[in-house]
Amino acid sequence: MSMFNLFKHELFSRWTSILGWGLGLAAFASMYIAVYPEMAAEMEGLAAMTIYRAMGIDLASFAGFIASVVVQIMPIILGVYVIMASTQTLAGEDDNGTLELVVAMPLQRWQIVAMKTAALSIVLLLIILIMGAGAAFTLTIVSQTIEVDVTAGQLFVSLMGAYPLMLAYFCMGLFLGTIVPSRRIAIAIMAVIYIMSYVLNSVALMIEAFDYLQVVSLFSYVNTTADVFTDGLAIGDIAVLLTVALVFFGLAIVAFERRNITVGQWIWQQGQASA
């Protein structure tokens, strides 16, 4: 199997995930967009609550509601798929015994990691594209019945801002899958990292003394305020997230080169065995 054939297999074998997650997230986002006109008065009442203001959640306007709920929550939900897919790609196949067959192909190990990463990167992109298009379509319909302060194009672009974040976490999970003994451990570690990253960002938003925590939280590099609709995506934040993704992608290649296939070992044990 050539590199391109491996790429095609990894991509086309996930078409159900693309449609399922893409349409599911689009429906979830559309639900919140569609119900806002009926809940606008209630939202304005909740907007005055201290807890919402402290968490940076703006419910006083349509733009604030969409940014705080749709733009912020969609990446969190998609993170479930990212964690599962990133750990399944190498660690999961090792657990199932299929990775040994992949490594036996006339391909270098870095090529295997590269093709799998390229395919899953496109899968994530397609999911987010479907989600963004569905949400934008719903907003277009809603805007014909009520006056809104967000355009369909602005919503679509803001949702695409989740892609660099998901790519960074995917490469992180890919790396973990090469250095831990099993996929189960990789999932547990990734779940802790993902949840803690979100919590740290939330704490930093609520307590000014903890602003420095935002530096280590990848969620802080995604704008989920109403400003994202007028200011657009921040190139600097995108660059940070893509750099993180590139670093962990490189680490995954290095670690996979050292991995003993079908032998559940930590990275330091693998190095000893190789020596």
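Look up a bit, the structure's there.
Sequence order sets the numbering: in each chain, residues are counted from 1 along the sequence as written. Thresholds applied to this predicted model are a pLDDT of at least 70 for local features of residues and 80 or more for the giving and counting of side-chain atom pairs; totals over whole chains, interfaces and linings are not thresholded and use all residues. To obtain the side-chain values, all non-hydrogen atoms of the structure were used and water was disregarded.

> Please provide a residue-by-residue account of helix H11 (residues 235–258), values included.
Counting from the N terminus, the helices are the DSSP runs of H or I reaching at least four residues and the strands are the DSSP runs of E reaching at least two. Take the number of residues in a helix, subtract one, and multiply by 1.5 Å to get its expected span. For H11, spanning 24 residues, the distance from its first C-alpha to its last is 35 Å, which sits close to the expected 34 Å at 1.5 Å a residue. The cut-offs for exposure are 20% and 50% of the maximum accessible area for each residue type, with area from a 1.4 Å probe on protein chains only; residues under the lower value are buried, those over the upper are exposed, and the others partly exposed. Of the residues making up H11, those classed as buried are Leu241, Val244, Ala245, Ala252, Ile253, Ala255 and Phe256.

> Lay out the pattern of salt bridges in plain terms, naming residues and giving numbers.
By definition here, a salt bridge exists when the distance from a side-chain nitrogen of Lys or Arg to a carboxyl oxygen of Asp or Glu is within 4 Å. In total, this model carries two salt bridges according to the counting rule given. A salt bridge links Arg14 to Glu10; the nearest nitrogen and oxygen atoms lie 2.7 Å apart. In this pair, the class of Arg14 matches that of Glu10, namely buried. A salt bridge links Lys116 to Glu10; its shortest N-O distance comes to 2.6 Å. Here Lys116, found in helix H6 (residues 109–142), pairs with Glu10, found in helix H1 (residues 3–12); they are 106 residues apart in sequence, far enough to count as distant. Taken together, the shared-partner salt bridges connect Glu10, Arg14 and Lys116 into one network.

> How would you sum up the packing of aromatic side chains? Please name residues and give values.
Only centres within 6.5 Å qualify two rings of Phe, Tyr or Trp (six-membered ring in Trp) as a pair; their planes then separate them into stacked at under 30 degrees, edge-to-face at over 60, and tilted for everything else. In this structure the tally under the stated criterion is nine aromatic pairs. With 5.2 Å between their ring centres and 70° between their planes, Tyr194 and Phe219 make a pair best called edge-to-face. In this pair, Tyr194 sits in helix H9 (residues 183–206) while Phe219 sits in the loop between H9 and helix H10 (227–231), placing the two residues 25 residues apart along the sequence. Residue class for Phe219 comes out buried when judged on its relative accessible area of 8%. Following the ring pairs from residue to residue traces out a cluster consisting of Tyr169, Tyr194, Tyr198 and Phe219. By the criterion adopted, a ring carries a charge over it if an Arg CZ or a Lys NZ lies within 6 Å of its centre and within 35 degrees of its normal. We note Arg109 situated over the ring of Phe256; from NZ or CZ to the ring centre the distance is 5.3 Å.

> Any chance you could break down the side chain of Thr89 for me, citing the residues and the numbers?
With respect to the helices and strands, Thr89 occurs in helix H4 (residues 62–96). Assessed through its relative accessible area of 0%, Thr89 is described here as buried. Whenever two N or O atoms come within 3.5 Å, that pair is a polar contact, provided that in protein one can donate a hydrogen and the other can accept it, and provided that, for residues adjacent in sequence, both atoms are side-chain atoms. Here Ala85 takes part through its backbone oxygen, which lies 2.6 Å from a polar atom of the side chain of Thr89. The contact definition used throughout considers only heavy atoms, calling two residues in contact when any of these lie within 4.5 Å. Once residues within four sequence positions are removed from consideration, Thr89 is found in contact with Arg14, Lys116, Leu120, Phe170 and Leu174.

> Go over the nonpolar core, please, and point to the residues and values.
Ranked by size, the top nonpolar core spans 76 residues in total, and within it Ile33, Leu155, Tyr169, Leu218 and Phe229 carry the most contacts. Looking at this core element by element, the count peaks at 15 residues for H4. Residue contacts for Phe229: discarding those within four places in its chain leaves Ala63, Ile66, Ala67, Val71, Val150, Gln154, Leu155 and Ser158. By convention a nonpolar core is built from buried Ala, Val, Leu, Ile, Met, Phe, Trp, Tyr and Cys residues, the set being connected through side-chain atoms within 4.5 Å.

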